[in-house]
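Report on the structure
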Amino acid sequence: MSDSYPLPKNWRCPLDPPAEYKRLRQEAPITRVRAWDGSTPWLITRYEDAYAALGDPRLSMDFRLPGLPHTSPASAARLERTLPFAFRSDSEYRVQRAMLVQEFSPRRMETLRPRIQSIVDETLDTMLAGPRPTDLMAAFALPVAIRVICELLGVSHDDHVHLHNLSCTIGSRDSPKEAAGQALDEMERYFERLVDETMRNPSDTLVGRVVAEHVLKGALSPQDAAAMFQMLFHAGHGPTAYMVCMGTLALLLDPAQLGEFLAVADDPRQLSAAIQELLRYVTVSHSGRQRVATEDITLGGQLIRAGEGVIVQIDSANRDETVFPDPDRLDIHRTPHRNLALGHGIHLCTGRALAFIELEVMFPTLFRRVPTLRLAVPLEDIPFKQNDNLLGAHEMPVTW
Ligand code: HEM
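These notes cover the structure that comes with them.

The rules we used
Along each chain, numbering runs from 1 in the same order as the chain's sequence is written. Reporting of local features is limited, given that this is a predicted model, to residues whose pLDDT is at least 70; pairs of side-chain atoms are given and counted only at 80 or more, and all residues count toward the totals for whole chains, interfaces and linings. Calculation of side-chain values draws on the structure's entire complement of heavy atoms; hydrogens and water are dropped beforehand. Here, proximity means that at least one heavy atom of the residue falls within 4 Å of the molecule or strand. N or O atoms closer than or at 3.5 Å make up a polar contact, with two conditions inside protein: a donor-capable atom paired with an acceptor-capable one, and, for residues adjacent in sequence, both atoms drawn from side chains. Think of it this way: any DSSP run of H or I at least four residues long counts as a helix, any run of E at least two long counts as a strand, and we number them from the N terminus. Axis lines are fitted to C-alpha atoms, over the contacting stretch for helices. Their N-to-C directions set the angle, which ranges from 0 to 180 degrees. We call two directions roughly parallel when the angle between them is under 35 degrees, roughly antiparallel when it is over 145, roughly perpendicular when it lies between 65 and 115, and oblique otherwise. Crossing handedness: left-handed means the near helix sits turned counterclockwise from the far one by under a right angle, and right-handed means the same turn made clockwise. Contacts: residue pairs with any heavy atoms within 4.5 Å of one another. Residues are grouped as follows: Ala, Val, Leu, Ile, Met, Phe, Trp, Tyr, Cys and Pro are nonpolar; Asp, Glu, Lys and Arg are charged; every other residue, Gly included, is polar. By definition here, a salt bridge exists when the distance from a side-chain nitrogen of Lys or Arg to a carboxyl oxygen of Asp or Glu is within 4 Å. Per-residue accessibility, obtained with a 1.4 Å probe over protein chains only, is compared with the maximum for each type, and a residue is labelled buried under 20%, exposed over 50%, and partly exposed between these values. Buried residues of nine kinds, namely Ala, Val, Leu, Ile, Met, Phe, Trp, Tyr and Cys, make up a nonpolar core once their side-chain atoms join them within 4.5 Å. Method remark: on a 1 Å grid restricted to protein atoms, a set of points is classed as a cavity if a 1.4 Å probe fits but cannot get out and as a pocket if it is open with protein on both sides within 12 Å along at least five of seven lines; lining residues have an atom within 4 Å of a point. Grid points are joined across faces, edges and corners, and a volume is the space filled by probe spheres set on the points. For a helix, the expected span equals 1.5 Å multiplied by the number of residues minus one. The arc in question is traced by the directions running from the helix axis to the C-beta atoms.

**Some words on the site of the ligand**
Taken together, 30 residues surround the ligand, and among them Tyr93, Arg289, Arg291, His347 and Cys349 come closest. Separating an oxygen atom of the ligand from a side-chain N or O atom of tyrosine 93 is a distance of 2.3 Å. Between the ligand and histidine 347, the relevant distance is 2.6 Å, taken from an oxygen atom to a side-chain nitrogen or oxygen of the residue. Among the elements of the structure, α11 (222–252), β6 (289–293) and α15 (352–369) are those that each provide at least two residues to the shell around the ligand. No other element matches the 7 residues that α11 contributes to the shell around the ligand.

**A closer look at the packing of helix α6 (residues 113–129) against helix α7 (residues 136–153)**
Two elements in contact, α6 and α7, have axes separated by 10 Å at closest approach and are oriented at 150°. Relative to α7, the element α6 is oriented roughly antiparallel. Considering the relative orientation of α6 and α7, their crossing is right-handed. On the side of α6, the interface is formed by Arg115, Ile116, Ile119, Val120, Glu122, Thr123, Leu124 and Met127, while α7 contributes Leu136, Ala139, Phe140, Pro143, Val144, Arg147, Val148 and Glu151. Across the contact of α6 with α7, the residue classes tally to 11 nonpolar, 1 polar and 4 charged.

**Looking at the pattern of salt bridges**
Pairs can form between side chains of opposite charge whenever their charged atoms are close. Taken as a whole and assessed by the stated rule, the structure comprises 30 salt bridges. Between glutamate 27 and arginine 23 there is a salt bridge whose closest N-O contact spans 2.9 Å. Residue glutamate 27 and its partner arginine 23 are located together in helix α1 (residues 20–27), separated by 4 residues, close to a single helical turn. Owing to a relative accessible area of 58%, glutamate 27 belongs among the exposed residues under this scheme.

**What about the nonpolar core?**
Counting 107 residues, the largest nonpolar core has Phe140, Phe191, Phe229 and Met396 as the members making the most contacts within it. Element by element, the count of residues in this core is highest for α11, at 17 residues. For phenylalanine 140, the residues in contact, after removing those within four places along its chain, are Val120, Thr123, Leu124, Met127, Asp135, Val244, Met362 and Leu366. One finds Leu54, Leu299, Val312 and Phe324 within the second-largest nonpolar core, a separate group that totals 18 residues.

**A closer look at the layout of surface pockets**
Computed from the structure, the largest pocket encloses a volume of approximately 230 Å³. Residue lining of the largest pocket: Arg97, Leu100, Val101, Phe104, Ser105, Pro106, Gly345, Ile346, Leu348, Thr350, Arg352 and Ala353, and that is the complete set. When the residues that make up the lining of the largest pocket are grouped by side-chain class, the tally is 7 nonpolar, 3 polar and 2 charged. Approximately 200 Å³ is the volume attributed to the second largest pocket. Residue assignment for the lining of the second largest pocket shows that the elements contributing at least two residues are α1 and α14 (314–317). Classifying every residue of the lining of the second largest pocket by side-chain character gives 5 nonpolar, 2 polar and 6 charged.

**A word on helix α8 (residues 160–171)**
The end-to-end C-alpha distance of α8, which contains 12 residues, comes to 16 Å, matching closely the 16 Å that a straight helix rising 1.5 Å per residue would cover. When α8 is considered as a whole, its buried residues turn out to be His160, Leu163, His164, Leu166, Ser167, Ile170 and Gly171. Projected down its long axis, α8 carries its buried residues within an arc of 160°, all on one side. Looking at the buried side of α8, the elements it contacts are α3 (73–77), α7, α9 (177–200) and α11.

Following this line, the structure appears as structure tokens:
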């Protein structure tokens, strides 16, 4: 047994994962940890093992299987409710995921780029006309990310603050099971009403198309559709907003790399590589990926028995010195390497094409329109969210 999970992190270096991962990668890359509920899943910290684990069909994300590790009470609260597609049995998962493939295709997402640029421009107009200092999360990162996913799904933008607050309760490791359960119930009811309305009044939105093509034809129950949309809202705005905030912080703390970033921002290929590096360096999904073995498997020389839980720590894998030389350095010119910030294997992020476009628009536009952007408080005064599934801050005070 190594440590209790999650491992402690030094918040004076908010962009670095817990230092203990480095020792584990070298000495105990697959080791047992003790979770909040007393369970003892395996923790995977090395890139090679993490890559193999995420790509291995014998490691499932089916929440109904006993042994699947729950990294927080909120995660366990999901078990008592309709599970969104990602947490279902592999066969159910594949059927529902196929319903979304076209919706999130790179070609379809590319058509959204001009609209995303307008949303970013309008949000910055409002931010720049407002008071200084301001909170970058509330004034820029969240409104853009929420508006994009709301427009894509066809969710009323008026409801976004309420929905986001529910999402925060679900994503916090501090939320007791009852509070997380209530937030999940409320989200579920919201999206069930949306499905119900859409069944009566068709619309040409993602929700409208899924309802018309799958719910009304009997292939997807209204409850499963509501759970799907709830997950798309939850997973489709938080990581993007947190990534923009923490990526901005990384660039503000390293003016030389910010200069390099702006120098490549006009070249689509180099910009895409720079975004990959920011995704790697920040790895905003720092809560371990949860899996359970459906058969005995051997991973990195370690036997993992059927029914045992596994936590794949992608923030550690993305700092693996055997794959990324000088891994704790942000290097905008790093030769792109397949990092795990958006996952890997069958559960690879559904919204990855959308996430890339959002980041490719948001970072350059922010730094070009606000060239004097800087932190408004010392780093140690930023209130980081120290117990959240995502790496982020309650507030990111900036000025210009
Ligand atoms: C910078 C932004 C984003 C990051 C860092 C991110 C990260 C991730 C990661 C690491 C996973 C894998 C989970 C696992 O294997 O356990 C994932 C899955 C997922 N993401 Fe994203 N994501 C981002 C943006 C988005 C967006 C914009 C959407 C839009 C809907 C989205 C929807 C999803 C969904 C639905 C899943 C579950 C996929 C599955 O299990 O098959 N994500 N994301």
